[in-house]
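What the coordinates show
Listed here are the chains, written in short residue letters.
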Amino acid sequence: MSQSASGASALGSRTSDAASAVHSLDIHPQYRGFKGVYYNPVVQVYFLGFVCFMGPGLFNALTGLGGGGRLDATTNSNANSALYATFAVAAFFAGSINNVLGSRLTLLIGSTGYALYIGSYLAYNIHPDAGGFVIGAGAVLGICAGLLWTAQGSLMLAYPTEHQKGKFIGIFWSIFNLGGVVGAAVSLGNNFDNTVLSNGTYIGFLVLTGIGVLIPLLMADPRKMIRSDGTRVVTPRHPSWRTEFYGLWITLRTDPWIVLLFPMFFASNWFYTWQFNDYNGALFTIRARALNNLVYWLSQILGSVSIGFLLDQRGLSRRFRAFSGWLVLLVMVFVVHTWAFFYQSDYTRDTVSDKIDIHESPYVSRLWLYIFCGLLDAMWQTTAYWFMGAMSNDPAKLANFSGFYKSLQSAGAAGIWRADAVKLPYMNIFISTWVLLVAGLVFALPMIHMRVKDTTEDADETL
């Protein structure tokens, strides 16, 4: 699960938790000494951030290499298809499991899937006939990812006071996103002189994800924690899967305009297949892929900050910001894909052979294209969530919007990764990506016109 896929799950969990969060209003004295540090909510958010740094963050770094670092991406594509298929289902049941096991144990179980998945690539690198193990590990990871991000959301909403949520979320996402950057840097350093990804890289990633599995054991019991305002932390209970399904139906019936965002949701993980496997994985040497991967995740930070700056300009009306964000996405989609079309026209699955290295003249322009791909990805995910937030302030409705988002994006990802596994032509996958992104924006436009207002009215909050 790419940053965007994992990000979607996390944000979906956060809004779901907001709908059911319970706050203890009794004032308790703060801990002192070592306990004052250990039970500090900020410290625990750092722990939580490093769990996701070691798991989803390194997963992003591995996936961004194209083909999971392999020369043949077929097994990686099948594994990703299995991953997103199980994730789309598991997300609905993860809340009930979290209610029974508690957030720390759920977080631990969820993080084991990432270690298993990376370990399967080490086994595949040693034993080329272990492809079935990788695909099976992908299916298991889909289930574990649903558990991890549900637990993450539960703790993320429980730790901060109302006025600290932005700060805490910022701390968490900064640490989590560094996982992709650091993982990409490690893979670049380890494979600068290699033609294939070394066992050492997989072993390094496996050790780090193994550490990530252990971190939840070091985390404090949320029931013993006290917030900065003296109130005790009480982790919210998640709705059952039956309640989740019923809430989605009610949301669809009371706010049908959300349907116009469905193509945008469906496209939100679709483009990774072409970017990671059919461009980065197909055209470049392993060290060039590693360098591309590094700048891709760095550009994500710039993309999310820049579009967020535009969408949060309080001096502009919300409707103006909505249309401006939509226009930026439209321009970016056509700039990136018009540019990419000229490169994609030069190679197919049958003709691509010689890999482009970082010292060769065609490399620099293609690196810049990959930077713009990262910018577009971050802008797309950020704007999609902003659109949902502009439609409502009701946490229950936002949770259901996010439910649609994570389910549709996972379904789309499962389909396109499978298409890549059965060797659909690169150009077909590229054109489908371009068309789907444009369709997502075209369908979103009337929703923006009809539903995004300068202020959210009470009538819009009825669920």
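Residues numbered from 1 in each chain as written. Predicted model: local features only at pLDDT ≥ 70, side-chain atom pairs only at ≥ 80, totals over all residues. Heavy atoms only, no water.

The helix and strand tally for the protein stands at 16 helices and 0 strands. When burial is assessed residue by residue, the protein has 59% of its 463 residues classed as buried. A separation threshold of at least 6 residues defines the contact pool for the protein, and within that pool the share at least 24 residues apart is 87%. Total accessible area computed for the protein in this model is approximately 17,600 Å², and 68% of it derives from carbon and sulfur atoms. (Helix = DSSP H or I, 4+ residues; strand = E, 2+ residues; numbered from the N terminus. Buried < 20%, exposed > 50% of the residue type's maximum accessible area, 1.4 Å probe, protein only. Contact = heavy atoms within 4.5 Å. Areas by Shrake-Rupley, 256 points an atom, 1.4 Å probe, with all protein chains shown as cover.)

Right, let's talk about the packing of helix 14 (residues 363–391) against helix 16 (residues 426–451) for a bit. Interaxial distance between helix 14 and helix 16 falls to 11 Å at its minimum, and their mutual angle equals 25 degrees. For the element pair helix 14 / helix 16, the angle class is roughly parallel. With respect to the hand of their crossing, helix 14 and helix 16 are arranged in left-handed fashion. Note on element contacts: helix 16 touches helix 14 through Leu 437, Leu 441, Met 447, Ile 448 and Arg 451, opposite Leu 376, Trp 380, Phe 387, Ala 390 and Met 391. The residue inventory of the contact of helix 14 with helix 16, partitioned by class, reads 9 nonpolar, no polar and 1 charged. (Axes fitted to C-alpha atoms, helices over the stretch in contact; angles between N-to-C directions. Parallel < 35°, antiparallel > 145°, perpendicular 65-115°, else oblique. Left-handed = near helix turned anticlockwise from the far one by under 90°. Nonpolar A, V, L, I, M, F, W, Y, C, P; charged D, E, K, R; others polar.)

Turning to the confidence of the model for the protein, a few remarks are in order. Overall, the predicted model of the protein reaches an average pLDDT of 81, with 82% of residues at or above 70. Here helix 1 (residues 3–20) stands out as the element of the protein with the lowest mean pLDDT, 41, in contrast to helix 13 (residues 318–344), whose mean of 94 is the highest. Below a pLDDT of 50 lies the segment residues 3–24, which in the model reaches 74 contacts outside its immediate sequence neighbourhood of four places, other chains included. (pLDDT = per-residue confidence, 0-100.)

Here we take up a nonpolar patch on the surface. Together, Val 89, Phe 93, Ile 97, Val 100, Leu 101 and Leu 105 make up a nonpolar patch on the protein surface, roughly 500 Å² of accessible area in all. For the nonpolar patch, the element with the most residues is helix 4 (residues 74–101), which contributes 5 residues. Leu 105 gets classed as partly exposed once you look at its relative accessible area, which sits at 39%. (Patch = residues over 30% accessible without salt bridge, like charges linked within 9 Å, V, L, I, M, F, W, Y side chains within 5 Å. Salt bridge = Lys/Arg side-chain N within 4 Å of Asp/Glu carboxyl O.)

What follows covers the packing of aromatic side chains. The full count for this structure, using the stated rule, is 26 aromatic pairs. Pairing Trp 149 with Phe 176 gives two aromatic rings, centres 5.4 Å apart and planes at 75 degrees, and the pair type is edge-to-face. Here Trp 149 is found in helix 6 (residues 131–158), whereas its partner Phe 176 is found in helix 7 (residues 165–190), with 27 residues between them in sequence. The pair Trp 149 / Phe 176 is uniform in exposure class, with both members buried. (Phe/Tyr/Trp six-rings, centres within 6.5 Å; stacked < 30°, edge-to-face > 60°.)

Here helix 8 (residues 199–218) spans 29 Å end to end across 20 residues, near enough to the 28 Å set by a 1.5 Å rise per residue. Burial in helix 8 covers these residues: Thr 201, Tyr 202, Phe 205, Thr 209, Gly 212, Val 213, Ile 215 and Pro 216. In a view along the axis of helix 8, the buried residues occupy a sector of 145 degrees, so they form one face of it. (Expected span 1.5 Å × (residues − 1). Arc of directions from axis to C-beta.)

The next thing to look at is the packing of helix 13 against helix 14. Helix-helix packing is described using two parameters, namely the angle between the two axes and the distance between the axes. Axis separation between helix 13 and helix 14 bottoms out at 9 Å; the angle between their running directions is 150 degrees. Considered as vectors, helix 13 and helix 14 are oriented roughly antiparallel to each other. The interaxial crossing formed by helix 13 with helix 14 has left-handed handedness. Per-class residue counts for the contact of helix 13 with helix 14 are 21 nonpolar, 4 polar and 3 charged.

This part takes up the environment of Asn 269. Within the fold, Asn 269 resides in the loop between helix 10 (262–267) and helix 11 (271–283). Take Asn 269: its relative accessible area is 1%, and that puts it in the buried class.

Moving on to the nonpolar core. Counting residues in hydrophobic clusters, the biggest one holds 124 residues, and the most contacted among them are Leu 62, Phe 172, Leu 261, Tyr 279, Trp 380 and Phe 387. Sorting elements by how many residues they give to this core places helix 14 first, with 17 residues. Ignoring anything within four residues of it in the chain, the contact list for Trp 380 reads Met 264, Ala 267, Ser 268, Phe 271, Leu 329, Val 333, Leu 437 and Leu 441. (Core = buried A, V, L, I, M, F, W, Y, C linked by side-chain atoms within 4.5 Å.)

In the structure shown here, the tally under the stated rule is 2 salt bridges. Here Arg 287 makes a salt bridge to Asp 357, at a shortest N to O gap of 2.6 Å. Of this pair, Arg 287 sits in helix 12 (residues 286–311) while Asp 357 sits in the loop between helix 13 and helix 14, and the two are 70 residues apart along the sequence. Grouping residues by exposure puts Arg 287 and Asp 357 together as buried. Between Asp 420 and Arg 349 there is a salt bridge, with its nearest N and O atoms 2.6 Å apart. Of the two residues, Asp 420 is situated in helix 15 (residues 395–421) and Arg 349 in the loop between helix 13 and helix 14; the sequence distance between them amounts to 71 residues. Judged by relative accessible area, Arg 349 falls into the partly exposed class, the value being 22%.

Looking at the secondary structure, you find Thr 63 in helix 3 (residues 41–64). Among the residues examined, Thr 63 registers a relative accessible area of 5% and is labelled buried. Ignoring any residue separated from it by four or fewer positions in sequence, one finds Thr 63 in contact with Asn 80 and Phe 276.

So, about the side chain of His 337. Looking at the secondary structure, you find His 337 in helix 13. From its side chain, His 337 meets the backbone oxygen of Val 333 in a polar contact 2.8 Å long. In this structure His 337 touches Leu 376, Phe 430, Thr 433, Trp 434 and Leu 437, once residues within four positions along its chain are discounted. (Polar contact = N/O pair within 3.5 Å; in protein donor to acceptor, adjacent residues only side chain to side chain.)

Right, let's talk about the environment of Gly 66 for a bit. Summarising the element assignment, Gly 66 is placed in the loop between helix 3 and helix 4. Residue Gly 66 is classed as buried on the basis of its relative accessible area of 1%. Taking the C-alpha atoms as reference, Gly 66 lies 4.4 Å from Asn 277; in sequence the two are 211 residues apart. If near-sequence neighbours (up to four positions away) are discounted, Gly 66 is found in contact with Phe 276, Asn 277, Asn 280, Gly 281 and Arg 289.

We now examine unusual backbone geometry. Excluding glycine, most residues fall at negative phi; most peptide bonds, likewise, are trans. If you check the backbone angles, Lys 423 has positive phi at about 70 degrees while not being a glycine. For Lys 423, the position within the fold is in the loop between helix 15 and helix 16. What makes Lys 423 partly exposed here is its relative accessible area of 43%.

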